[in-house]
Amino acid sequence: MSAQSFSFIYQFESSVSPKKLWQLVSDTNRFFKDIGEHPIQMANLSNQQESNLKELTYEQIHRPDVWIEEPYQWEAPYYLSVKRTYKTGYFRSLKIAVNLIDTDYGSKISIRYSGTYSGFGGWFITKKKFNKTLKRRIKKTLRVYESAIIDGVLPSKLKKPVTLHNPVRWKSLKERLITITEKPEISDKLLNLIQTGDDQDLEHLSPLKLSRVWKKPLSDILAVMFYAVKIDVLSFSWNILCPSCKHKVDNCRSLVQLTDPMFCDNCGEDFQVEFNRGVQLSFKPHILVRKLQHKTYCFGNPSTLCHIPLYITLQPGQKRFTKVDLPAGNYRIYCDKTEGYVEAKVKQGGLENAALIFSHDDLKQQLVTLSPTPNLILHNQTSEAITIQCESMDWEQFSVSASEVTSLSIFRDLFPRELIRGKKKIVAKDCTILFTDLFNSSQLYQSEGDDSAVGLVINHFDILQQIVHEERGAIVKTIGDAVMAVFPKPIYAVRAFNRAQDVFKNDLRSNQPILLKGGIHSGDCVAVTLNNHIDYFGNTINIASRLVDYAHGEEVVISSDSYKCPYLKEYLADRRENLKIHHFDASLKGFESETFEAKRITMQTSPLRLVV
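About the criteria used
Residues numbered from 1 in each chain as written. Predicted model: local features only at pLDDT ≥ 70, side-chain atom pairs only at ≥ 80, totals over all residues. Heavy atoms only, no water. Helix = DSSP H or I, 4+ residues; strand = E, 2+ residues; numbered from the N terminus. Rg over C-alpha atoms; globule rule 2.2 N^0.38 Å. Buried < 20%, exposed > 50% of the residue type's maximum accessible area, 1.4 Å probe, protein only. Contact = heavy atoms within 4.5 Å. Areas by Shrake-Rupley, 256 points an atom, 1.4 Å probe, with all protein chains shown as cover. Lys, Arg positive; Asp, Glu negative; His and termini not counted. Charge placed at Lys NZ, Arg CZ, Asp CG, Glu CD. Arc of directions from axis to C-beta. pLDDT = per-residue confidence, 0-100. Salt bridge = Lys/Arg side-chain N within 4 Å of Asp/Glu carboxyl O. Phe/Tyr/Trp six-rings, centres within 6.5 Å; stacked < 30°, edge-to-face > 60°. Pairing = 2+ DSSP bridges. Patch = residues over 30% accessible without salt bridge, like charges linked within 9 Å, V, L, I, M, F, W, Y side chains within 5 Å. Polar contact = N/O pair within 3.5 Å; in protein donor to acceptor, adjacent residues only side chain to side chain. Axes fitted to C-alpha atoms, helices over the stretch in contact; angles between N-to-C directions. Core = buried A, V, L, I, M, F, W, Y, C linked by side-chain atoms within 4.5 Å.

Helix and strand counts for the protein chain come out as 17 helices and 27 strands. Radius of gyration (C-alpha) of the protein chain: 27 Å, near the 25 Å computed for a compact globule of 612 residues. If you line up the protein chain on its principal axes, its C-alpha atoms span 95 × 65 × 50 Å. Across the 612 residues that make up the protein chain, the buried fraction comes to 53%. Long-range contacts, defined here as pairs at least 24 residues apart, represent 68% of the contacts in the protein chain between residues at least 6 apart. Entry remark: accessible area of the protein chain is about 29000 Å², with carbon and sulfur atoms responsible for 49%. Between the averaged position of the 78 positive side-chain charges in the protein chain and that of its 69 negative side-chain charges there is a distance of 8 Å.

This next bit is on helix α1 (residues 18–25). Buried residues of α1: P18, L21, W22, L24 and V25, and no others. Within α1, the buried residues cover an arc of 165° as seen down the axis, which keeps them to one side. Set apart from the buried face of α1 by more than 90 degrees, the exposed residues are K19 and Q23.

Confidence in the prediction of the protein chain, expressed as mean pLDDT, is 88, and 94% of residues score 70 or more. Here residues 606–612 is a poorly scored stretch, pLDDT under 50, and it has 17 contacts once near neighbours within four places are set aside; other chains count.

This model, assessed by the stated rule, comprises 30 salt bridges. For the salt bridge of D430 with R277, the shortest nitrogen-to-oxygen distance reads 3.1 Å. With D430 in strand β20 (residues 426–438) and R277 in the loop between β12 (269–271) and β13 (279–285), the pair connects residues that are 153 residues apart, well separated along the chain. Overall, R277 belongs to the partly exposed group, its relative accessible area being 27%. In this structure, R600 and E555 form a salt bridge, with 3.5 Å as the shortest nitrogen-oxygen distance. With R600 in strand β27 (residues 596–603) and E555 in strand β25 (residues 555–559), this pair connects stretches of sequence that are 45 residues apart. One network of salt bridges, with partners in common, ties together R30, K33, D34, D198, D201 and K209.

As a further point, take the packing of aromatic side chains. Across all of its chains, the model carries 26 aromatic pairs by this definition. Between F31 and Y145, the ring centres sit 6.3 Å apart and the planes meet at 45°, which makes this aromatic pair tilted. In this pair, F31 sits in helix α2 (residues 28–34) while Y145 sits in helix α4 (residues 132–151), placing the two residues 114 residues apart along the sequence. Here the two residues F31 and Y145 agree in accessibility, since each one is buried. Judged by centre distance (6.2 Å) and plane angle (75°), the ring pair of W238 and F411 falls under edge-to-face. On the criterion of sequence distance, the pair formed by W238 in strand β9 (residues 234–241) and F411 in helix α11 (residues 409–414) is long-range, its members being 173 residues apart.

Here we come to the pairing of strand β17 (residues 342–358). Of the pairings in the sheet, the one linking strand β16 (residues 329–335) to β17 comprises 5 bridges and is antiparallel in character. Across the sheet, Y331 pairs through a bridge with A344, a residue of β17. Between β16 and β17, which pair antiparallel one after the other, the connecting turn spans 6 residues, and G340 there sits at a positive phi close to 80°. Sheet topology places β17 next to strand β18 (residues 367–380); 11 bridges connect them, and they run parallel.

This part covers a nonpolar patch on the surface. A surface patch of nonpolar side chains, amounting to about 370 Å² of accessible area, comprises F120, W123 and F124. With respect to the helices and strands, the residue W123 is situated in helix α3 (residues 119–129). The partly exposed category is assigned to W123, whose relative accessible area is 38%.

Moving on to the side chain of N239. For N239, the position within the fold is in strand β9. Within polar-contact distance, the side chain of N239 engages the side chain of N251 at 2.6 Å. Once residues within four sequence positions are removed from consideration, N239 is found in contact with H204, K248, D250, N251, G278, V279, Q280 and S282.

The subject of this paragraph is the sheet that holds β13. Spatially, the 3 strands line up as an open sheet ordered β10-β9-β13, and their pairing is antiparallel. Looking at which strands have only one partner, the edges of the open sheet turn out to be β10 (248–252) and β13. The mean angle between the axes of side-by-side strands here comes to 35°, regardless of whether they run parallel or antiparallel. Two elements, β9 and β10, share 4 bridges in a ladder whose sense is antiparallel. In the sheet register, W238 faces β10, and the bridge partner there is C252. Packed on one face of the sheet, helix α9 (residues 218–230) meets β9 and β13 and runs near 60° to β13.

This part is about unusual backbone geometry. With an omega dihedral of 0°, the bond running from A76 to P77 counts as a cis peptide bond. Along the polypeptide, P77 turns up in the loop between β5 (73–75) and β6 (79–88). The omega angle of the peptide bond from D260 to P261 is -5°, so this bond is cis rather than trans. Structurally, P261 is set in the loop between β10 and β11 (262–264).

A word on the pairing of β20. Examined bridge by bridge, β20 and strand β23 (residues 516–530) share 11 bridges and lie antiparallel to one another. Within the sheet, the bridge partner assigned to F435 lies in β23 and is G519. Here 5 bridges tie β20 to strand β22 (residues 482–487), and the two strands are oriented antiparallel to one another. By the bridge assignment, T432 is partnered in β22 with F487.

Take the nonpolar core next. In this structure, F226, L234, F275, F283 and Y536 are the most contacted members of the largest nonpolar core, which totals 71 residues. Element by element, the count of residues in this core is highest for α9, at 9 residues. In this view, Y536 contacts F275, S403, T406, S407, A428, V476, M484, V486, C525, V526, A527 and I541; residues no more than four positions away in its chain are not counted. Core analysis: the second largest hydrophobic core is formed by 41 residues, F12, V25, F31 and I111 among them.

Time to look at a positive patch on the surface. On the surface, a cluster of positive charge is made up of K132, K135, R136, R137, K139 and R143. Classification of K135 by relative accessible area gives partly exposed; the value is 36%.

Below you can see the structure in the form of structure tokens.
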């Protein structure tokens, strides 16, 4: 019997925007579970499969379906789809497409199932699967998501909270966590989430996600979660990402388990582990508190690649019109079959419409400025199918990296054995290093006396540590009066320096205010274990430490590599009335054959001093 076509469309309305719904609907692993799909697993019946295709089947033995699943396609936050070609079973093909349409009242959701089946069995299964019951389940799931978004919580469909066998112990854990963190609201929210949360959410608890949902500082969220690990409420591990395709390759319970090199099954390439962007922190409930069901409902979950808002495959000669929402920032747009990429800067006033042509010519010289809601025309002028991706370069907005947390004092104190193994060295790319020193330490000791001056210096370390942490950085070490800190981007380092100097300049506790001087440089480093903590070495560190010598009080000297950060330029432009920038060439000790372009930024703060 020849294949018969089918198509079912379910439409719904919601009071929340596509952007907010997308965060949940694009998590297809939980969405498929919530609407009643069966768990799946890898079939692995063929050794000839292309690396980006997956051969899947249902976990249930009595289900005969085996299919080849293509990579998901999406245009965040408006569209996602997946296509399956069946090798066995009643279906021949199946495509699932979700459209989120912006409306005056919120959004309109359209979910379409289309494909082909064969035989009477295929007809019967199709009618049984795509019926009013499925529509009711989808509608109920969307309502749960809508309520969770409005209430500022993660959605849950549990009928009743998970409890420990000993309720007294649960109460004790709650009281203990609140006592040691002194953050009762976050502690209560975390413990409530562990009791009522969905398994798919709890399997990979993201501190950044909780910070956004609960509207609490990331530094406070991390502190509570670290203490929760210490009292066996949570456990943490490290996700290892492939630098090419950004898919998770492995998960290590401890940094000592890191091995190099590794192999990515998704893109078929060996790679070196990257400490700054490729090793990410992940939490989940401790097994003694809640045992999770390890079920998989989707292997191509778009939400795990939330830094990629556009992922589309085009056939040879195909042209496609796409619409995406891009938060202001820096992106690169590229495909898997041509060299180079298009550099895209997204900001207000950028192009509303842009055409991007992909051929076998190099794309590296193409630059484009886009609006946050651009209409893109993508054209494949090659002779083969290509997959086009738009990738955000602001990786720190989507994950907490190993370089960010391993230098935090709270992390070192609670987990002193969480170190890189032995003499192993791991590359940490695109780090920003800040060195600070006291400009007026001699005058400070003379005017305050040794005892008072030492107290002020120690207090200055505490203040720096707090501000650096709040700006997504971590103090690696102190050297005398100097501090070395690592940040994901130059903008965070400059903000931390300026905030700290503001505090010191307006501190009435001393006759002589503390004046900082600093140096900032960005580049690649090498992370190692030294003196029982993670330390960083390389020319990037040496250059940052030398730049401090060119700074005076309330000044930070920034290398050209750091200054080119677009966010930093915008930050400085907004504060040009309170800052003075001087451009000069620096000759650094140990780099006599090179001349470094640098910017000296002088703070011009108000003379008013406040009591802190």
